[in-house]
Amino acid sequence: MAVTRTSALNRKQRKELARRLQSADPGLDVMHPNAAGIDVGNSTHYVAVRPDRDPNPIRRFDCFTADLHHLADWLEQCGVTTVAMQSTGVYWIPLYEILDARGLEVYLVNARHTKNLPGRKSDVQESQWLLKLHTYGLLRNSFHPAAAIRVSRTYWRQRADHVRAISTCIQRMQKTLTQMNIQLANVISDLSGWTGMRIVRAILAGERDPQVLATLRHPGIHATRDTIAKSLEGTWQPDLLFVLQQEVTMYDAYQQRIAECDQALEQHLKSFVDKAADTFTEGEQSPATAQTKLRSGPKRRRKAGSHAPQFDLSRELHRISGVDLTRIDGIDVGVAQTLISEVGLDMTRWQDEHHFASWLGLCPDNRITGGKVIRRGTRHVINRAATALRIAATTLLRSQSYLGAQFRRLRGKLGAPKAITAMAHKLAVLVYRMLRWGHEYVDKGMQYYEERHREQQLRLLQKRAAKLGLVVI
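Conventions and cut-offs
Residues numbered from 1 in each chain as written. Predicted model: local features only at pLDDT ≥ 70, side-chain atom pairs only at ≥ 80, totals over all residues. Heavy atoms only, no water. Helix = DSSP H or I, 4+ residues; strand = E, 2+ residues; numbered from the N terminus. Expected span 1.5 Å × (residues − 1). Buried < 20%, exposed > 50% of the residue type's maximum accessible area, 1.4 Å probe, protein only. Arc of directions from axis to C-beta. Contact = heavy atoms within 4.5 Å. Pairing = 2+ DSSP bridges.

S.K.: Give me the lowdown on helix 2 (residues 65-77), citing residues and values where you can.
M.R.: Owing to its 3.6 residues per turn, the α-helix aligns residues three or four sequence positions apart on the same side. The end-to-end C-alpha separation of helix 2 is 19 Å, in line with the 18 Å expected for 13 residues at 1.5 Å each. Buried within helix 2 are the following residues: Leu68, Leu71, Ala72, Trp74 and Leu75. Considered in projection along helix 2, the buried side chains sweep an arc of 160 degrees and stay on one side of the axis. Buried residues along helix 2 sit against strand 1 (35-39), strand 2 (44-48), strand 3 (58-62), strand 4 (82-86) and helix 3 (92-101). Just downstream of helix 2 lies Gly79, where phi reads positive at about 75 degrees.

The following block contains the structure:
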C-alpha cells in the first residue's frame, strides 16, 4: 500500500483524502462517556444523563439560582464531566456560567445542528437526543469568548444601542423641523453638528429671528449667512416645538449614557495585560519585520465621527493586542473595537484563517447534490464582526491604496455585493494574521497593485497565445 505524503498535496487534495479516511471507518465510537444533555428553557431545564449513573436519569430543574446549583451538584454526583446544551436565547447564560465555574466542560451547541430529532419532539426527548449526540462526539462546540472579552463586548454593544437611538432622535428632529418648514437640514450637512445643535437650542430658548439664528453658524460652514437665514423662516407651531424639545432632551440623555459607557470601557480595558511590549520580543521579530515598520510611515487615520469614543481607544487596543489594526485601510478604531469585542484576542480558537473566515460567514457555501451545484452564496450568519468588516469594505471604494484598487477591480468584475463580501474576507484574513502572528500591515500602494495586475494579465495572454500556437514577439 502506497503512503501519500500530505505535505505534497494541495488543499483540495487534502480535503478529498480526509473524506476517504472518514468514509473508511463509518463506525461510531464513544467520545464522551461522562456526558449529559440539557434542554434549556425559559422557566425550566431538562437534564439527561446515562441510565447507569442514576435510577432517575432525566430530571427537571427550575431556572432559579438555587436550582441551578442543585443541577450542578447532581451532575457532579453522577460523575458527569462534559455537558451539551443549546444556545437558546439568553436563557443558557446563567447555567453556562455556573457549570463552567464548577469545572465542567460545557458544549454550547448551535440549535440547527440538533434539530433532526426523530419522532415527536418534547423537552425530555430533546435532552436525551443531546446526550446521545454528545456521547458519540457528533456535536461541535460553538465559539464563546473569554470572560474579560465578554465584559468588553457588553459595554460596546450597549454603547452601539445608544448610538442607534441617537440617530433616531436626529431623524425625528429633522422631521419636526421639516413639518415647521424649517429647511435647516438642507443647507447644512449634519444637524447634530456644531452649527445645527446651536441653532436648534437657540430656537428652543425662544429665539425666532432668522438673522440672529444665522449668526450662530460655524465660520467654516459652506452655506452663507443669508442662505441659512432664509432656511430658518417657517411656522413655529407649539406642538411641534414641544416634540423638538423632547427629542433634544433625549439626545442629551443618550450622549450622557454614551459617555458613561466610554468610562466603563476605558476602566475595563486598563485591566488587560500589556501585550504590545512583552508578547513579541525583539528576538522574535525578523529584520524584514523591523524594516517593514520603518517603511510603514505615519498611520492613516479616518476622520472620527461625532460619536467617537471620548478616550484614546486606538492606543488601548494597540496595547492589549500588540498590533495596530487601524493600519489596515478601511478599518477605523470603531471597527477594530467591534472585532476585538466579538472575536477576542486568541486566534488559536480557529485552526487557520480559512476556518476564521468561514465562522464569520464570508466564505462560499455551495450546496452540491447529484454532482450539481444547486445553490451558491455565503451562509446566512448574523455576526456583528462580519457586519463590521462588510462596512469597512465599502469604505475602500475611494481609497488610494492597494486594497482600494483591488476592491474597485472586483466591483467592476463581480458587482458591488460580491465584491464587498470578497473584500470583507480579505480584511478578515489580514486581521487574523495580525492577531495570530503579530504581523504588521504595510500598504504597498495602488500603483504596485496596478503593475502586478498588468503583469498577471500579460502572463495570461502569453499562455493563451501559446495554446493557439502563436509566438509573442
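S.K.: Report on the environment of Trp74, specifying residues and quantitative values.
M.R.: Among the structural elements, Trp74 can be located in helix 2. On the basis of relative accessibility, which here comes to 3%, the residue Trp74 falls in the buried class. With 20 residues separating them in the primary sequence, Trp74 and Asp54 have C-alpha atoms 9.5 Å apart. Excluding residues within four positions of it along the chain, Trp74 makes contact with Val47, Val49, Asp54, Asn56, Pro57, Arg59 and Phe61.

S.K.: Talk me through the pairing of strand 2; I want residue IDs and the actual numbers.
M.R.: Within strand 2, five of the five residues are buried, which leaves the element mostly enclosed by the surrounding structure. What you see with strand 2 is no split at all: Thr44, Tyr46 and Ala48 on one side and His45 and Val47 on the other are buried throughout. Counted between consecutive antiparallel strands, the loop separating strand 1 from strand 2 contains four residues. In this sheet, strand 3 lies alongside strand 2 in antiparallel orientation, the contact comprising five bridges. Among the inter-strand pairings, Val47 is bridged to a residue of strand 3, identified as Arg59.

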